[in-house]
Amino acid sequence: MKSISQYKLQNCLSQVKLLALDVDGVLTDGGLYYTESGEELKKFNVKDGQGIKLLMQAGIEVAIITTSTSAAVLHRAKKLGIKHAFLGIEDKLTTIKELSKNLSISLSQVAYVGDDIVDLPVLDTVGCPLTVADAMPENQACAIYITKLAGGQGCVREICNLLLNSQTNTKIQASLIKNE
């Protein structure tokens, strides 16, 4: 993990306008489940979903960028109201750059959560690189925060809570300074 102070972490989180998430190993535990007919199933955490909804209600954009082509991912995104869901993406960096441009959000205002080496180019580029407790060592080395929880076990809710708390604290501090 990149060594940064708690103050710098809070400052970074307070600037985030877009949270982009990998799926397998972040929103899920990384396991692949197949029915006898070959249909792929995925298990998502309800607490992660609630955190995502709270984040979107607070005005933070949320995106899913995954190499997976599973229909389950699209169903989960629709159920949560995530407007930006990119499936079957091999070059995640190009996708995050295009999305940021379309949303008029600087890459420094993007938080990305990825757990495996395919996510490294994005983690190396965004302002707020994050990863999960059971991520690959390379991902942990370039992240500014590693969740206490593993992928699919509520790690996204942990990140959502951090983002909401840091942004709320920043607004309160700005209000106090303005009123002095």
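How each quantity is defined
Residues numbered from 1 in each chain as written. Predicted model: local features only at pLDDT ≥ 70, side-chain atom pairs only at ≥ 80, totals over all residues. Heavy atoms only, no water. Helix = DSSP H or I, 4+ residues; strand = E, 2+ residues; numbered from the N terminus. Rg over C-alpha atoms; globule rule 2.2 N^0.38 Å. Buried < 20%, exposed > 50% of the residue type's maximum accessible area, 1.4 Å probe, protein only. Contact = heavy atoms within 4.5 Å. Areas by Shrake-Rupley, 256 points an atom, 1.4 Å probe, with all protein chains shown as cover. Lys, Arg positive; Asp, Glu negative; His and termini not counted. Charge placed at Lys NZ, Arg CZ, Asp CG, Glu CD. Pairing = 2+ DSSP bridges. Expected span 1.5 Å × (residues − 1). Arc of directions from axis to C-beta. Salt bridge = Lys/Arg side-chain N within 4 Å of Asp/Glu carboxyl O.

What follows covers the overall build of the protein. Secondary structure summary: the protein contains seven helices and eight strands in total. Relative to a compact globule of 180 residues, whose C-alpha radius of gyration would be 16 Å, the protein shows 16 Å and is just as compact. Here the C-alpha coordinates of the protein stretch approximately 65 × 30 × 30 Å along the principal axes. Expressed as a percentage of its 180 residues, the buried residues of the protein come to 45%. Once local pairs closer than 6 in sequence are excluded, the contacts in the protein between residues at least 24 apart make up 55%. When the accessible area of the protein is evaluated, it comes to approximately 9,200 Å², of which 53% is carbon and sulfur surface. Between the centroid of the 18 positive side chains of the protein and the centroid of its 19 negative side chains there is a distance of 11 Å.

It is worth spelling out the pairing of strand β6 (residues 110–113) at this point. Side chains of β6 alternate between two faces, with Val110 and Tyr112 and Ala111 and Val113 buried alike. In terms of strand pairing, strand β1 (residues 18–21) meets β6 through four bridges, oriented parallel. Each bridged residue has a counterpart across the sheet, and for leucine 19 the counterpart in β6 is alanine 111. Inspection of the sheet shows β6 paired to strand β7 (residues 128–131) by three bridges, in the parallel sense. Counted as the bridge partner of alanine 111 is cysteine 128 from β7.

Let us look at helix α4 (residues 92–103). If you check α4, its first and last C-alpha atoms are 16 Å apart, about what twelve residues at 1.5 Å a residue would give, namely 16 Å. What α4 keeps buried is the set Lys92, Leu93, Thr95, Ile96, Leu99 and Ser100. When α4 is viewed along its axis, its buried side chains cluster within an angular range of 160° and face the same direction. For α4, exposure combined with an orientation more than 90 degrees from the buried face picks out Lys101 and Asn102.

The final tally for this structure, using the stated rule, is four salt bridges. Across the pair lysine 42 and aspartate 24 runs a salt bridge whose closest N-O atoms are separated by 2.6 Å. Of this pair, lysine 42 sits in the loop between β3 (40–41) and α2 (46–57) while aspartate 24 sits in the loop between β1 and β2 (33–34), and the two are 18 residues apart along the sequence. We classify aspartate 24 as partly exposed; its relative accessible area is 22%. Its salt-bridge partner being lysine 42, residue glutamate 40 comes within 2.8 Å of it at the nearest N-O pair. Note on lysine 42: relative accessible area 13%, which makes it buried. Because the salt bridges share partners, they merge into one network encompassing Asp22, Lys92 and Asp119.

Everything listed here is a matter of coordinates, which is why it stays silent on function.
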